[in-house]
Amino acid sequence: MSHNWGFVAAGYSITTAALVGYFGWVRLRTRHLRRTLRDENRD
Amino acid sequence: MKRLFLAVTVVALAVTAVFALWITPPRADQGFDAVRLLYLHAPTAWIAYLAFGVTALASLLWLLPRTRSTTWDLLAGASAEVGVVFTGLTLVLGSLWGRPTWGTWWEWDARLTTTAILFFLYLGYLALRRTGTTADERGKRSAIAALIAFVDVPVSYLSVTWWQTLHQQGTVFNERLSVKIDGSMAFTLVAAVVSFTLLYGYLVLERFELAQLEEGREARELERAIADRIQAEHVEVAPV
């Protein structure tokens with residue numbers, strides 16, 4: 001019997017990917033906007 | 001301070017994962033090892049309710065003239081977005097757990113259906129936040145929508161009590177308030193709820209900061225557009 005480890009692996013992988021992906025997107029966008037606003041202030 | 005918050009959150013999540021994957025026992029009546037999805041599914045559902053609760057509270061504070069502030073509007077939006085991510089995860093994890101235990105990926109059961117409705121209601125809320133010409137107009141529309149959408153939260157939570165459902169009753173907060181979990185499983189569930197709550201707090205903090213930057217940029221773009229128009233009008237009426 002497989003004991004359903006495939007479902008467990010899928011669940012933990014999807015959760016990690018979704019949360020890390022979301023966190024990364026927020027961080028990247030924050031960094032980008034901060035840089036853009038800094039450049040605009042300089043101009 | 002924010003880095004310390006992140007470090008504590010990551011450590012808490014790592015400890016929870018170790019307990020969830022290696023220390024807690026499998027359960028024959030819950031899909032054997034698939035029961036390990038409980039430590040993700042229940043906390044993500046809790047965070048979804050918490051996030052939409054915070055959105056509703058912040059929206060109410062925005063609507064009240066005495067407490068009206070852009071902060072509440074931005075907090076409502078930030079919390080709703082994080083809530084949508086967690087609601088999506090709740091649905092996916094529930095489906096993954098349902099397949100080995102119930103033999104189906106999806107059932108039009110009251111809890112599942114009301115959770116799916118919750119997901120789409122707040123997706124709509126996020127779409128609504130992108131409309132409106134002024135911050136005030138956007139704030140008013142979205143605050144009212146958030147309060148209406150929140151009605152589905154208690155309905156979803158109580159659906160297992162109100163209707164005969166395939167979904168089990170609450171493990172801790174059920175009709176008879178009899179806790180149906182103990183030992184390492186109870187400890188891991190509590191640890192998961194605490195660590196996911198920390199993660200929610202951190203994500204909202206990050207998203208709120210981004211929302212403030214977006215707001216600042218929008219205001220600047222509006223100012224620039226107005227200045228450009230005034231300049232254009234001035235050129236048009238100026239004598240040749």
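What counts, and at which threshold
Residues numbered from 1 in each chain as written. Chains lettered and ligands numbered in written order. Predicted model: local features only at pLDDT ≥ 70, side-chain atom pairs only at ≥ 80, totals over all residues. Helix = DSSP H or I, 4+ residues; strand = E, 2+ residues; numbered from the N terminus. Rg over C-alpha atoms; globule rule 2.2 N^0.38 Å. Buried ≥ 20, exposed ≤ 12 C-beta atoms within 10 Å, placed from the backbone. Expected span 1.5 Å × (residues − 1). Contact = placed C-beta atoms within 7 Å. Nonpolar A, V, L, I, M, F, W, Y, C, P; charged D, E, K, R; others polar. Core = buried A, V, L, I, M, F, W, Y, C linked by C-beta atoms within 7 Å. Axes fitted to C-alpha atoms, helices over the stretch in contact; angles between N-to-C directions. Parallel < 35°, antiparallel > 145°, perpendicular 65-115°, else oblique. Left-handed = near helix turned anticlockwise from the far one by under 90°.

A. Summary view of the overall build of chain B. For chain B, the helix and strand inventory stands at seven helices and zero strands. Computed over the C-alpha atoms, the radius of gyration of chain B is 22 Å, more than 25% above the 18 Å expected from 2.2 N^0.38 for a compact globule of 240 residues. The principal-axis extents of the C-alpha atoms in chain B amount to approximately 90 × 40 × 35 Å. Sorting the 240 residues of chain B into buried and exposed places 38% on the buried side.

B. Highlighting helix α4 (residues 110–128) of chain B. Its 19 residues give α4(B) an end-to-end C-alpha distance of 26 Å, which sits within 8% of 27 Å, the value for a rise of 1.5 Å per residue. Buried within α4(B) we find B:Ala110, B:Arg111, B:Leu112, B:Thr114, B:Thr115, B:Leu118, B:Leu121, B:Tyr122 and B:Tyr125.

C. Here's a closer look at the interface of chain B and chain A. Listed as interface residues are 25 residues of chain B and, on the opposing side, 20 residues of chain A. Ranked by residue count, the leading element in the side of chain B that touches chain A is helix α7 (residues 183–237) of chain B, at nine residues. Counted by class, the side of chain B that touches chain A contains 15 nonpolar, two polar and eight charged residues.

D. How the structure looks around the nonpolar core. With 58 residues, the main nonpolar core has B:Leu37, B:Ala51, B:Ala146 and B:Tyr200 as its most contacted residues. Taken together, the elements giving at least two residues each to this core come down to α1 (5–42) of chain A together with α1 (2–23), α2 (38–63), α3 (70–102), α4, α5 (135–150) and α7 of chain B. If near-sequence neighbours (up to four positions away) are discounted, B:Ala51 is found in contact with B:Ser79, B:Ala80, B:Val82, B:Gly83, B:Phe86 and B:Tyr200.

E. Geometry of the packing of α3(B) against α4(B). Residue and element names in this part refer to chain B. One can describe the packing of α3 onto α4 by two numbers: an axis separation of 9 Å at closest approach and a directional angle of 150°. By the angle between their axes, α3 is roughly antiparallel relative to α4. The hand of the α3/α4 crossing is left-handed. Residues Ala-80, Glu-81, Gly-83, Val-84, Thr-87, Gly-88, Thr-90, Leu-91 and Gly-94 of α3 form the contact with α4, whose own contacting residues are Leu-112, Thr-115, Ala-116, Leu-118, Phe-119, Tyr-122, Leu-123, Tyr-125 and Leu-126. Considered class by class, the residues forming the contact of α3 with α4 number eleven nonpolar, six polar and one charged.

F. Seen up close, the environment of B:Asp152. Residue and element names in this part refer to chain B. Relative to the helices and strands, Asp-152 resides in helix α6 (residues 152–162). By C-beta crowding, Asp-152 is classed as partly exposed, having 19 other C-beta atoms within 10 Å. A sequence separation of 103 residues divides Asp-152 from Tyr-49, and the C-alpha atoms of the two residues are 9.8 Å apart. With near-sequence residues (within four places) excluded, Asp-152 lies in contact with Thr-114, Ile-117, Leu-118 and Leu-121.

G. Just the packing of α2(B) against α3(B), in detail. Residue and element names in this part refer to chain B. Running from N to C, α2 and α3 point in directions that differ by 160°, and their axes come no closer than 7 Å. It follows that α2 is roughly antiparallel to α3 by the angle criterion. Seen from above, α2 lies across α3 with left-handed handedness. Split by residue class, the contact of α2 with α3 holds 19 nonpolar, nine polar and one charged.

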